[in-house]
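Chains, contacts and geometry: an overview
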Amino acid sequence: MNTVLHIASWASMPAVGAAILGLAIGMVLDRRKATGFWSKAWRVLLVTLLAARLAFVFEYRDGFLQAPLSIPDIRDGGWNGQIGVIAGWLYALTLIRRQPSLRRPLMAGMGSATAAWMLGSVALQLHAADGIRLAATTAQALDGTQIELKSFSRQPAVVNLWATWCAPCRHEMPLLQQAQIDHPQVHFIFLNQGETAGEVRHFLDSQQLSPRHVLLDPRGRASAGLGGLTGLPTTLFFDAEGRLAARYVGRLSHHTLTQMLDGIGAHHAPAAKSYRD
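An account of the accompanying structure is given in this report. (Residues numbered from 1 in each chain as written. Predicted model: local features only at pLDDT ≥ 70, side-chain atom pairs only at ≥ 80, totals over all residues. Heavy atoms only, no water.)

Across its full length, the protein chain carries 9 helices and 7 strands. For the protein chain, the residues scored as buried account for 48% of the 277 residues in total. Excluding contacts between residues fewer than 6 apart, the proportion of contacts in the protein chain whose partners are at least 24 apart in sequence is 71%. (Helix = DSSP H or I, 4+ residues; strand = E, 2+ residues; numbered from the N terminus. Buried < 20%, exposed > 50% of the residue type's maximum accessible area, 1.4 Å probe, protein only. Contact = heavy atoms within 4.5 Å.)

One pass over the full model with this rule turns up 2 salt bridges. Put simply, Arg-243 and Asp-239 hold a salt bridge, and the shortest N to O gap is 3.2 Å. Arg-243 gets classed as partly exposed once you look at its relative accessible area, which sits at 42%. (Salt bridge = Lys/Arg side-chain N within 4 Å of Asp/Glu carboxyl O.)

Note: disulfide means a covalent bond formed between the sulfur atoms of two cysteine side chains. As enumerated under the stated definition, the model contains 1 disulfide in all. Across the disulfide from Cys-166 sits Cys-169; the S-S distance is 2.4 Å. Because the sign of the S-S torsion sets the handedness, a value of about 75° for the bond joining Cys-166 and Cys-169 places this disulfide among the right-handed ones. By relative accessible area, which is 3% here, Cys-166 ends up buried. (Disulfide = S-S within 2.5 Å.)

Taken in spatial order, the 7 strands make up an open sheet running β2-β1-β5-β4-β3-β6-β7, and their pairing is mixed. The open sheet has two edge strands with one neighbour each: β2 (146-148) and β7 (244-249). Looking at each pair of strands side by side, their axes are set apart by 30° on average, direction ignored. As paired strands, strand β3 (residues 157-162) and strand β4 (residues 187-193) are joined by 6 bridges and run parallel to one another. Residue pairing in the sheet places Asn-160 in a bridge with Phe-190 of β4. (Pairing = 2+ DSSP bridges. Axes fitted to C-alpha atoms, helices over the stretch in contact; angles between N-to-C directions.)

All right, on to helix α6 (residues 167-182) then. Under the 1.5 Å per step criterion, the end-to-end length of α6 is 24 Å for 16 residues, consistent within 8% with the ideal 22 Å. Of all the bends in α6, the largest measures some 35° and sits at Met-173, one to four residues before the proline Pro-174. Among the residues making up α6, those that are buried are Cys-169, Glu-172, Met-173, Pro-174, Leu-175, Leu-176, Gln-177, Gln-178, Ala-179 and Gln-180. Where α6 is buried, its residues meet β3, β4, α7 (197-206), β6 (234-238) and α9 (254-263). (Expected span 1.5 Å × (residues − 1). Bend = angle between axes of the 7 residues up to and from the residue.)

Attention now moves to unusual backbone geometry. A positive phi is found at Gln-208, a non-glycine position, where the angle reads about 55°. By the secondary structure assignment, Gln-208 is in the loop between α7 and β5 (214-217). Of the residues examined, Gln-208 reaches a relative accessible area of 73% and is grouped as exposed.

It is worth spelling out the packing of aromatic side chains at this point. All chains considered together, the criterion is met by 2 aromatic pairs. Between the aromatic rings of Trp-38 and Trp-42, the centroid separation amounts to 5.8 Å while the plane-to-plane angle is 80°, which identifies the pairing as edge-to-face. With a gap of 4 residues between them, Trp-38 and Trp-42 both fall in helix α2 (residues 37-59), about one helical turn apart. The exposure class assigned to Trp-38 is partly exposed, which follows from its relative accessible area of 41%. With 5.6 Å between their ring centres and 45° between their planes, Trp-162 and Phe-203 make a pair best called tilted. Of the two residues, Trp-162 is situated in strand β3 and Phe-203 in helix α7; the sequence distance between them amounts to 41 residues. (Phe/Tyr/Trp six-rings, centres within 6.5 Å; stacked < 30°, edge-to-face > 60°.)

Once that is clear, we can look at the environment of Arg-103. In this structure, Arg-103 sits in helix α5 (residues 103-128). Of the residues examined, Arg-103 reaches a relative accessible area of 49% and is grouped as partly exposed. In the structure, Arg-103 is positioned 11 residues away from Ala-92 in sequence and 8.9 Å away in space, judged by C-alpha atoms. Setting aside residues no more than four positions away along its own chain, Arg-103 makes contact with Ile-96 and Ala-108.

Time to look at the nonpolar core. Counting residues in each nonpolar core, the largest one holds 27 residues, and the members touching the most others are Trp-162, Phe-188, Phe-237, Leu-257 and Leu-261. Of all the secondary-structure elements, those providing two or more residues to this core are β3, α6, β4, α7, β5 and α9. Ranked by residues supplied to this core, first place goes to α6 with 5 residues. Not counting residues up to four positions away in its chain, the partners in contact with Leu-257 are Leu-175, Leu-176, Ala-179, Phe-237 and Leu-252. (Core = buried A, V, L, I, M, F, W, Y, C linked by side-chain atoms within 4.5 Å.)

Function cannot be inferred from these measures alone, as they are strictly geometric.
Set out below in structure tokens:
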């Protein structure tokens, strides 16, 4: 299971809950009051997070080389959970070897946290994709034509829920437009929420943007058919069968977008300066 955590999305919740559970169980079982248990438990957590972030950066190093200052910017939600957990366990075992009194609380905390994270991640993935398909709704083109979203099936698709007044939406629009160019095998659908065709056209013209497949969802019916709206921007990733593979709430970075596209079978987009994070 290739589990990736995103701070700006619900996928971070299992990791947060697991960390809290692990720390709590470790403290309860620390009956011998092992010297420095609390500080060492936090160090294990920090090692886990650092390894998860660095593994993500290495995997998408081509993009990060274009913008090295974005490496510490964890707002993009880029983490490799598996590598982080492995690193955390190795560091915890090293600490236990040096200080055997840490064995019971640290092992119990790490074990419960790891189990909770894995179960939570699986449950979240199953819930996110439960019954949500690209073909379940319709939207309106800028000329008023009704478009069935099933017309975008049979190949991977990305649906971006956005609005002109949403600052993160405005910032990520050039990134998504460039990705649309770089990934012709993927449908990119820009589903505007609650605005008129005139408002959308004015925004695109003022920003010199011309993405394809800009659709309107004036009453939110299309987004409701795609699982509902939890915030803007929200980006949905569908596989070639039209099934929801991932949901990302918040502003996408180039690196996170590339990672999510990999998850639906798209090739890596070239690292290019035309991307503006």
